[in-house]
Amino acid sequence: MTFLFPFRHPLVFLSVLLTVSSSDYVEEKPCSRFDFDHKLLESLVRLEHSHTSIREEMEKLKSSTWKIPPGENQASTGGTYVRWGRTVCPENATITYKGYAGGSLYSDPGSASNYLCLPEDPQASEKTKDDNTRGSIGARVYGAEYQMDFFSGNILQDDVPCAVCESERSKILMIPGRTTCYDGWSTEYSGLLSAGHFSHAAASEFVCLDENPEVLSGGGANENGKLFFLAEARCGSLPCPPYVDGRTLTCVVCSK
């Protein structure tokens, strides 16, 4: 009878043979070559079954260790952004909070440059709840106003709302001068590029004001504060074309 050698490496065969010999050995009458091959084959089959069971258990262990069911102790991976001029977020985003746009006074030379989205429900700490000494602190935060009549419906001097939104995607990018996102990116919202006035003492920053801005109720008085002006292109070091001198610049907020 021809015996088919089942292992690719002699050392593996020797190991199995020794295991079979040491565990299954009992003193008995000499057996034929056929009986020996049959018993060896049975041992190999049992060994293969054991190996398969161990492999299945390891896969189960890996699965239970590394895969957390959806919604259970998973940290959020979405990116956040401010939607300037709106109180709601786009359909594909979740609102974190809505509030009032604000920042430093446009005419103060030492002002902070950035815009703030201040929540509707501010909290005071134990140290600040009784501190109402107006004028004793160096930095000041004001509300914000629109300084434009570009949109349908006059919003000049109206106060500016804002909403902080969380996207389903982790990367957030504001692209000036575009109304659509580049390939591979998804649009969160589009609008018009805005900032403070170039002649004002306070620095500011460029933000994307939503193309359909809302206003805060009861906020039409001209009290200034942090101001939103539309931004326009100026040719020279900025090449024209593709830009057009004096044209209001668009913007889009994208996610990926």
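By convention here, each chain's residues receive numbers from 1 onward along its written sequence. With pLDDT at 70 or above as the cut-off, local features in this predicted model cover only qualifying residues; side-chain atom pairs require 80 or more to be listed or tallied, and sums for whole chains, interfaces and linings still use all residues. Heavy atoms throughout the structure, all of them, feed into the side-chain values; hydrogens and water do not.

1. Some points on the pairing of strand β2 (residues 93-103)
At least two DSSP bridges between two strands are needed for those strands to be called paired. For the purposes of this entry, the term helix denotes a DSSP run of H or I that reaches at least four residues, the term strand denotes a run of E that reaches at least two, and both are numbered from the N terminus. Bridging between β2 and strand β5 (residues 161-167) involves 7 bridges; their strand directions are antiparallel. In the sheet register, G99 faces β5, and the bridge partner there is C162. Pairing geometry for β2 and strand β3 (residues 116-119), over 4 bridges, is antiparallel. Bridging across to β3, Y100 finds its partner in L118. Sheet topology note: the β2/strand β4 (residues 142-146) ladder contains 2 bridges and is antiparallel. Paired with G102 across the bridge in β4 is G143.

2. Description of the nonpolar core
Nonpolar cores were defined as sets of buried Ala, Val, Leu, Ile, Met, Phe, Trp, Tyr and Cys residues, with membership established by side-chain atoms within 4.5 Å. Burial classes follow relative accessibility: with a 1.4 Å probe on protein chains only, a residue under 20% of its type's maximum area counts as buried, one over 50% as exposed, and anything between as partly exposed. Core analysis: the largest hydrophobic core is formed by 29 residues, its most contacted members being W84, M148, L209 and F228. Breaking this core down by element, the ones donating at least two residues are β1 (80-84), β2, β4, β5, β7 (186-195), β8 (207-210) and β10 (250-255). Ranked by residue count, the leading element in this core is β5, at 4 residues. Residues count as neighbours in contact if any of their non-hydrogen atoms are within 4.5 Å of one another. Filtering out sequence-adjacent residues up to four positions away, L209 remains in contact with W84, G85, Y146, M148, F151, Y189, S190, G191, L192, S194, F228 and C251.

3. Topic: the state of the cysteines
Cysteine pairs can be covalently joined through their sulfur atoms, and such a bond is termed a disulfide. The definition used for a disulfide is geometric: two cysteine sulfur atoms within 2.5 Å. Tallied over the entire structure, the rule returns 5 disulfides. Paired by a disulfide, C89 and C165 hold their sulfur atoms 2.1 Å apart. Taking the sign of the torsion about the S-S bond as the criterion, the disulfide between C89 and C165, at about -95°, is left-handed. Pair noted here: C89 is in the loop between β1 and β2 and C165 is in strand β5, with a separation of 76 residues, a long-range link. Residue class for C165 comes out buried when judged on its relative accessible area of 0%. At a sulfur-sulfur separation of 2.0 Å, the disulfide partner of C181 is C254. For the disulfide bridge between C181 and C254, the dihedral angle about the S-S bond is near -100°, and by the sign convention the bridge is left-handed. With C181 in the loop between β6 (172-176) and β7 and C254 in strand β10, this pair connects stretches of sequence that are 73 residues apart.

4. So, the packing of aromatic side chains
Here the distance between the centres and the angle between the planes together describe a pair of aromatic rings. The rule is short: rings of Phe, Tyr and Trp, with Trp giving its six-membered ring, pair when the centres are within 6.5 Å, and they are stacked under 30 degrees, edge-to-face over 60, tilted in between. What the rule picks out here adds up to 4 aromatic pairs. Each ring, one from W84 and one from F228, has its centre 6.1 Å from the other, and the planes form 50°; the classification is tilted. Of the two residues, W84 sits in strand β1 while F228 sits in strand β9 (residues 226-230), which places them 144 residues apart along the sequence. Side by side, W84 and F228 carry an identical accessibility label, which is buried. Within the aromatic cluster, the residues linked to one another by ring pairs are W84, Y115 and F228. Consider the ring centre and the ring normal. A charge sits over the ring if Lys NZ or Arg CZ is within 6 Å of that centre and within 35 degrees of that normal. The ring of Y182 has R178 sitting right over it, with the charged end atom 4.2 Å from the ring centre. Sitting over the face of the ring of Y115, K226 holds its NZ or CZ atom 4.9 Å from the ring centroid.

5. Some remarks on unusual backbone geometry
Here the amide bond leading from C240 into P241 is cis, since omega sits at -10°, within 30 degrees of zero. By the element assignment, P241 lies in the loop between β9 and β10. Of note, the bond from P241 into P242 is cis; its omega dihedral lies within 30 degrees of zero at 15°. Relative to the helices and strands, P242 is located in the loop between β9 and β10. Positive phi, normally seen in glycine, also occurs at Q157, with a value near 75°.

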